[in-house]
Each structure stands twice: as structure tokens, then as C-alpha cells.
Amino acid sequence: MDRRSAVRTLCVATGSALVGRKLNAQEADAPAAAGEPMAILVDTTVCGGCRECEFACAAANGLPEPPEEVDFQETRTTSESQWTVVNRYQTDAGEVFVRRQCMHCLRPACASACLTRAMYKTPEGPVVWREDKCMGCRFCMISCPFDVPKFEYDSANPRILKCRMCWERLEQGEVPACVANCPYEAVTFGPRSEMIELAWKRIYENPDAYVHHVYGEHEAGGTSWLYLAAVPFEELGFRTDLGTTPYPDLTREFLYAVPFVLTMVPPFLLALNRASANREPDESEE
Amino acid sequence: MERDPVAAESRRTAPSPSIVLRELGRFVRFMLGEMRPRGRLLTPFNVLTGAIVLVTIGLLVIRFTHGLGSITNLSQDSPWGLWIGFDVITGVAFAGGAYVLSFIVYVLGQERYRPIARVTILNGFLAYVFYAGALLLDLGRPWKVVNPIIGNSFGVSSVMFLVAWHFLLYMIAEFVEFSPTIAEWAGWPRLRRRLHALTLGAVVFGITLSILHQSGLGALFLMARDKIHPLWYSQFIPILFFVSSIFAGLSMVIFEGTITHKVFHERVGDRLEQTYPDILTGLARICAATMFVYLFLQLLVFVHGQRWTYMRTGWGAWYLLEMAGLVALPIALFLHGHVRRNLAVIRAAAILTLAGIVLNRLNVSVIAYKWYAPVPYVPSWQEVVVTLGVISAEIWVFRWIVNRMPVLDRALPSPAPRARGRAVPAPATR
């Protein structure tokens, strides 16, 4: 090996090692290292379906006012202009109203999918979107198991919009607008561990009124939005097939393999090249 | 990184500034001469692709002033459509031929394939520039595209971050691999020698990057576990994407070569002309072998995922079409073509293989994604036209380069640098 090829080999190896190190330094964001994330408990047995939360959400976030009357026959989904919706389900326990919005996962798929860290899990709990970082690739929409992030397809300067758990209000010490405006007190806001205790307290104190499951306690690794219900959750439009693995773990093995490939493959290829060299390199041959 | 030793050397033997300036002036005049179109302009192909490109430009103006929704059928349920599923994800698989062939030629030293190395690397480079570049059209906020590269916004836990970086680095690596050809064309033998010295480093780096981002494109869908039909989702998508990119790329080399050899007949050098049948039969054998590995992996995934429960549905038939009709059948055809040295059969196999790759990538990214959605995504005509426009523009650039640079043949025998611009015989442009 002459001097030049030795230097070349060294450079390739160093470059690979550097790139590899950078990509390796990427343990998924530890949830709420700074303290307990906040959570919201929704008791669907209490919700009366008045949709005050929809109006409060629109007012607090500067969104267009939701329709005055809605046809509960059809199931609505959240949209870029309406971040929470209330749907009605006919069940064995009668009419049940369920509001849907971003679940604010403890380890969000959207945030780990985001290559610019525009989707960001705050230590306080809310998952927020940051306009100055997002490039609009919509990978968060592909990854989110709850189909929450919505994209402004009709804008030349589109944003990703979804519930922010009233992040700005939390910073000022207030509770989210929907919590503050719920006349039935169907939603409770507080530290997540307390909300889980509250949920199980209600189940134990009234075991016949609830299914013994807190949706969001473990789903997709746990969410900051928790639900209680009187009927199985699949009857209320919830996906119950999501499992308890945090979604970022689905790509973790692949990402862990990256530094190994980056550092192992180049030396292997160079060795292979050296081993299969059966003649002097011929400059004119290219 | 790899540049350092060369930079050090060039400082030692750097030509004086005045020579560089004079050389630059010569190159500008040479370049102006080369920019002129050759041959007839008003051919049916030019008129058709010209119209498509013009319409594409118009559509893109609308897209960038009124948003993606103005010309695409993308929706909240289908965030990625034809532009990502076909242009980027399928296009990059098709461009895999460059890393596979550079592995065969530059790492393994299989001289037999060297005559097609340049054209394959050129194709790979242009495919990345245009098809990965088409990503910019699909980004909602493309002016933020530099964020993960130079900003402080490193989303290192994102597969997309890896893919973005690798696209960029791989384009640079492929440009370095192709650069000796440019230096030959421009008449810079000394620079050509230096660039040539970088080739192995660029090849090794490029192969490593390709392994990672070909599989990374599959890894993008790992978190869509509960949205992709179970016949197409598995945790092995990255490996399947990587293995299939090998024969997807080589099939594209076969397919593209078929067209290139007809269209650029005058540009094909003697050496390539004589050995081309050998090259094709060799590629056919490699394709068959890697496709067999791929089929076996798919079979493992099929059994492991207990997928037979889905086979009685319409999706099962669709899956069977992809696996039996567009993977197993081409294997047989490739083998037949290889044994009987039947180039027509090999070409047919390559086309079937390419169709299978299109189907596979679109199934994972678009068709079987949200397969339960009430309104399935169908691309709008505008999305199709823009895709054709991107392909047309790529073909124009490819043609311009092939007609001028020593891509399909070796460098012309020692033309005097100053006279080179005129020394190249003007081929008929179609």
C-alpha cells in the first residue's frame, strides 16, 4: 500500500466514522426528563356532547368557528381548521359522546419522524409544531398512528396543524381552553400520574360503570390524553390494535444499524478491492 | 474528506494563475460551442417532451402559488402520492444500478462490465438529481429544505434525516465518480488524473451510502405499521428494499441500454458494441440470482407473518400478481435468456422486473397504504404530467451529455485540447 492509498483509506474511514458518530448520537428524546408531563383525562360517561370544547378550541387558537349544528350521524375527523371534534356513538350503554384530538404521545411517532425537529415533544407534555423548522415533507402524517397532523394543502405557505394542548396557555399557568370551558367537567387536567390514578380510582369506585381499561395509559407507549368509557373502546372509534410499543422503537433497530454499516462496509469494500486486484492498476483503463 | 491528499498535491504542482485563467477562458468558449443544439430540433420526440415540460412549468407555477392541493389529489388520508411513491421511491430504486455496477467494476474489478460503467453512473447521478430532486416539488415548504443540513434542526432520530443526508452525499459521490469523463471532455488531462484517483474512494463511500438509503426508503414506512396492508408491511421492509434495489437497478441498466444503443448508435464505441451481448447475459444472471434471494426473503416474511390468511381477498390476488408474475416469472426469463443468450428474452424480463418494482414501491407507499380508506387516492392528471415533465427534462440532459462527452465509448484518441470542440463528430440528434 503506497502512501497515497494509505491516506485515502484513512480519509474514507475517518469520514465514515464521523458521519457514523453523528448519526449514532440520536437516542430518541427521553420523555419529560425535566418533570412530569401534564395529561388530560376524558370521561366519556360524563360528556354530554355540547361541543363547547370545539368552540373554545377555535376561539383560543384563532380557528374558524365550528358549525353551529352538526349531524351526529356521520363520524367527523379533525382537520386543519378544527383541532378537536365530538362524535356520537350508539352503544349498549346508550349514546356516548367522544371527543378526539391529538393524543400527545409520551414518545410521539411524529416527533421522531421529523427530520428538522419541527414536531417537538415538550417536557410539559404537549407535542407542538414549530413553523420555522418544518419543511413540509408530511412524514409526521405518515407516521402518526392516530392520523392527527393535518396539512394545509390549499396554502402556498402550508403549515402542519393539530391540537397543541394550548401550549401557550400552559406556559402562562392556565389550563387548556377545552378543559376550562367544559360545563360537564368531563375533562380533567393535571400531572399524568395523577390523572391515571384518578382514572383508576373512578373505575374501582364504580366498577360497573366503566370498562376496566384506561385508553392511553399504555397505547403506543402511553399518551398524554387518557380516556375512560363504559363500553369497549373499539365501539367508540378507537384503534385498539396499536399495541403498547412506542412508535419510535419501530425504526430504532434500523437506525442503530446505520453507524455499523457506515463504519464496517467501507473497510470491507476496500479489502475486497485489494483482494480482487489481480493486476497493476492501469491509468489509461480508467 | 477524500480530497485532502489531492489538494495537498495540487498545491505542490499548481499551475500558475495566468494559465488557469487562460484555460478557463478557453473552457467558456468551448462550453458556449457545446451548448448549441445538434441535429434537428423539431423532431416528434422534442415536440412532445417540449410540450410536456412547458405544461409542467405552468403547473408548477400554480402549485407554488396556490398550494399542493391545487394540482394534486393528495389529502389528509394520503399525504404521499405519485410524486413520492413513483418519482422518489421508485426512481431511486431504479437508480440503484450505479452503485451495483460500480461495485462490480471498481471494487470487484470485473472488467467485462467496464464499458457500461460510465453511462450507468451518469444515469444514476441524473436520476438522483431529477427524481430525488422532485422531492422539492412535493415539499410543502421547500425553502426550509436546508434545515436538516446546515440549520440547528438535526432530527437525528428520523429515518428521513438519514435519507436526506444520504441523497446529498451520494449525489456528490456520484458526481466525483463521473467527473473524470467531464475532465476528458473538457480537455483537462491533469485534472482528469486527479479526479480519477478519487474514484475508488467515491465508489466505496457511494456503495455504503446506497446500502443505507435504499433500505432507508423502506424504513420510512416502519412507523406506518398499522396503516399498510399486512401483505406489504413487515419489519423487514428495509432489507427487502435494499435487495430489490440491486436487481431493480440492473434491470434499469438493461432497459436503458436497449434504448441508448438504438438512439445513440453512432456514439457507441467498438469495444462496447462487441461485448454488449456478453454484458447483458452477465447482468441477467446477476438479476436472476438476486431476485431469487429476494423471492426467498419474501417467502420467509410471508410464512413468518402468517400472511396466507389474506390470500383469499382481492389484496391476495394483487400480491400474487406482484410476486408470481413480476418476480418469479422474470427470474425464469432471465435464466432462460442467460442460458440461451437470448437478448430479447432478457429485455422482456427486465421490463417485467421494472413493472414489479413500480408495483412494489407503489403498493408500500401509496396503494396498500391506508388500504381501508373510504376514498382511495388516485393521482390527478397534473401529477402525472409533472412526473412526465421531470422524466423528459432528465432525458434531455442525458442526451446532451451522451452526445458530447465520452460516455458510451472511451475517450477519443488524443485530440489536441484546443481543437477538441470541433474534433467531436456531430451526431444526429433525435
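Residues numbered from 1 in each chain as written. Chains lettered and ligands numbered in written order. Predicted model: local features only at pLDDT ≥ 70, side-chain atom pairs only at ≥ 80, totals over all residues.

In terms of regular secondary structure, chain B is built from 17 helices and 0 strands. In terms of overall size, chain B behaves like a compact globule, its C-alpha atoms giving a radius of gyration of 23 Å where 430 residues would be expected to give roughly 22 Å. Dimensions of chain B along its principal axes, counting C-alpha atoms only, are 70 × 55 × 50 Å. Counting across all 430 residues of chain B, residues that qualify as buried make up 47%. Look at the contacts in chain B between residues 6 or more apart in sequence, and 81% of them connect residues 24 or more apart. (Helix = DSSP H or I, 4+ residues; strand = E, 2+ residues; numbered from the N terminus. Rg over C-alpha atoms; globule rule 2.2 N^0.38 Å. Buried ≥ 20, exposed ≤ 12 C-beta atoms within 10 Å, placed from the backbone. Contact = placed C-beta atoms within 7 Å.)

Another aspect to go through is the confidence of the model for chain B. Residues and elements named next belong to chain B. Chain-level pLDDT for chain B is 88 on average; 92% of the residues reach the 70-or-more range. Looking across chain B, the model is least confident in helix α17 (residues 420–423), with a mean pLDDT of 40, and most confident in helix α15 (residues 343–367), with 96. Taken as a whole, residues 411–430 scores under 50 in pLDDT and shows 27 contacts with residues more than four places along the chain or in a different chain. The ipTM for the predicted assembly is 0.86, set against a pTM of 0.87. (pLDDT = per-residue confidence, 0-100.)

Time to look at the environment of Pro64(A). All names here are of chain A. Structurally, the position occupied by Pro-64 is in the loop between α2 (52–61) and β2 (85–91). Sequence separation between Pro-64 and Ser-81 is 17 residues, and the spatial gap between their C-alpha atoms is 6.5 Å. Excluding anything up to four places from it in sequence, Pro-64 contacts Ala-58 and Ser-81.

A few words now on the pairing of strand β9 (residues 225–228) of chain A. All names here are of chain A. A two-sided burial pattern is seen for β9, the buried positions comprising Trp-225 and Tyr-227 on one face and Leu-226 and Leu-228 on the other. Note that strand β1 (residues 38–43) and β9 share 4 bridges and pair parallel. Considered in β9, the bridge of Ile-40 is made with Trp-225. (Pairing = 2+ DSSP bridges.)

Residue and element names in this part refer to chain A. With a phi close to 55 degrees, Glu-185 is a non-glycine residue in the positive phi region. Assignment of secondary structure puts Glu-185 in the loop between α6 (177–180) and β8 (187–191). Residue class for Glu-185 comes out exposed when judged on the 10 C-beta atoms lying within 10 Å of it. At Ala-220, a residue that is not glycine, the phi angle is positive and equals roughly 50 degrees. Note on placement: Ala-220 falls in the loop between α7 (192–205) and β9. With 23 C-beta atoms counted inside 10 Å, the residue Ala-220 sits in the buried group.

Now for the interface of chain B and chain A. Opposite the 53 residues of chain B that make contact, chain A presents 60 residues. When residues of the side of chain B that touches chain A are traced back to their parent elements, those giving at least two are α1 (4–12), α3 (44–66), α8 (147–150), α9 (159–186) and α11 (199–219) of chain B. Residue composition of the side of chain B that touches chain A, by class: 32 nonpolar, 15 polar and 6 charged. (Nonpolar A, V, L, I, M, F, W, Y, C, P; charged D, E, K, R; others polar.)

Bringing the environment of Met291(B) into the picture now. Residues and elements named next belong to chain B. Relative to the helices and strands, Met-291 is located in helix α13 (residues 270–304). With 26 C-beta atoms counted inside 10 Å, the residue Met-291 sits in the buried group. Taking the C-alpha atoms as reference, Met-291 lies 35 Å from Pro-148; in sequence the two are 143 residues apart. Once you skip the residues sitting within four places of it in the chain, Met-291 turns out to touch Phe-247, Val-327, Pro-330 and Ile-331.

Among the 11 residues that make up helix α5 (residues 97–107) of chain B, 11 are buried, leaving the element largely enclosed by the rest of the structure. Within α5(B) the residues assigned to the buried category are Gly97(B), Ala98(B), Tyr99(B), Val100(B), Leu101(B), Ser102(B), Phe103(B), Ile104(B), Val105(B), Tyr106(B) and Val107(B). Buried residues along α5(B) sit in contact with α8 (249–275) of chain A together with α6 (117–132), α9, α11 and α12 (237–263) of chain B. At the exit of α5(B) stands Gly109(B), carrying a positive phi of roughly 70 degrees.

It is worth spelling out the nonpolar core at this point. If you look at the biggest cluster of nonpolar residues, it comprises 196 residues, and the most contacted ones within it are Leu226(A), Tyr131(B) and Met160(B). Those residues in contact with Tyr131(B), other than ones at most four positions away along the chain, are Asp87(B), Val88(B), Gly91(B), Val92(B), Ala95(B) and Val390(B). (Core = buried A, V, L, I, M, F, W, Y, C linked by C-beta atoms within 7 Å.)

Attention now moves to the sheet that holds β1(A). Residue and element names in this part refer to chain A. Pairing is mixed across the open sheet formed by 3 strands, whose spatial order is β8-β1-β9. Two strands lie at the open edges of the sheet, namely β8 and β9, each paired on one side alone. On average, each strand axis in the sheet is inclined to that of its neighbour by 25 degrees, with strand direction left out of account. Where α7 meets the sheet, it contacts β1, β8 and β9, and its direction lies at approximately 135 degrees from that of β8. (Axes fitted to C-alpha atoms, helices over the stretch in contact; angles between N-to-C directions.)

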